[in-house]
Amino acid sequence: MSVARVTEVISESKKSFDDAMKSGIARANKTLKNVSGAWIQDQKLVIEKGKIKAYRVTMKVTFVLAD
């Protein structure tokens, strides 16, 4: 029987939401073992002087705990 855990990751990119998701998952994989899935909980834009400065995603990352 496997047991999994979920952790929240917030990531930011100056390029796009897609880039923010990819960099967040890449960073989670450096720390967490057995990452098996993720879902996007929230997306936000950082706006300065009427222009998009950054894209932020809040995601829930699932990883399977080692025996």
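Residues numbered from 1 in each chain as written. Predicted model: local features only at pLDDT ≥ 70, side-chain atom pairs only at ≥ 80, totals over all residues. Heavy atoms only, no water.

## Re the environment of Thr31
In this fold, Thr31 is placed in helix α1 (residues 17-31). By relative accessible area, which is 55% here, Thr31 ends up exposed. Within polar-contact distance, the side chain of Thr31 engages the side chain of Arg27 at 2.5 Å. (Helix = DSSP H or I, 4+ residues; strand = E, 2+ residues; numbered from the N terminus. Buried < 20%, exposed > 50% of the residue type's maximum accessible area, 1.4 Å probe, protein only. Polar contact = N/O pair within 3.5 Å; in protein donor to acceptor, adjacent residues only side chain to side chain.)

## Thoughts on the sheet that holds strand β2 (residues 35-48)
Strand order in the open sheet made by the 3 strands is β1-β3-β2, with antiparallel pairing throughout. Sheet topology places β1 (4-13) and β2 at the edges, where each strand pairs with a single neighbour. Taken pair by pair, the neighbouring strands of this sheet meet at an average axis angle of 15°, ignoring direction. Its contacts with the sheet put α1 on β1, β2 and β3 (51-64), and the angle it makes with β3 is roughly 40°. (Pairing = 2+ DSSP bridges. Axes fitted to C-alpha atoms, helices over the stretch in contact; angles between N-to-C directions. Contact = heavy atoms within 4.5 Å.)

## Examining the pattern of salt bridges
Taken as a whole, this structure holds 5 salt bridges when the rule is applied. Between Lys60 and Glu8 there is a salt bridge; the shortest N-O distance is 3.4 Å. Placement of the pair is Lys60 in strand β3 and Glu8 in strand β1, with a sequence separation of 52 residues. Looking at Lys60, the relative accessible area reads 22%, which means it is partly exposed. Since its relative accessible area comes to 44%, Glu8 is described here as partly exposed. Across the pair Lys44 and Asp42 runs a salt bridge whose closest N-O atoms are separated by 3.8 Å. Of the residues examined, Asp42 reaches a relative accessible area of 30% and is grouped as partly exposed. (Salt bridge = Lys/Arg side-chain N within 4 Å of Asp/Glu carboxyl O.)

## Some words on a nonpolar patch on the surface
Together, Met1, Val3 and Leu65 make up a nonpolar patch on the protein surface, roughly 360 Å² of accessible area in all. Judged by its relative accessible area of 94%, Met1 falls in the exposed class. (Patch = residues over 30% accessible without salt bridge, like charges linked within 9 Å, V, L, I, M, F, W, Y side chains within 5 Å. Areas by Shrake-Rupley, 256 points an atom, 1.4 Å probe, with all protein chains shown as cover.)

## Section: the pairing of β3
Note that β1 and β3 share 10 bridges and pair antiparallel. The partner of Thr7 across the bridge, within β3, is Val61. Looking at chain direction, β2 and β3 are connected through 12 bridges and run antiparallel. In the strand pairing of β3, Ile47 is matched with Ile52. Between β2 and β3, which follow one another and run antiparallel, lie 2 residues, and Lys49 among them has a positive phi close to 55°.

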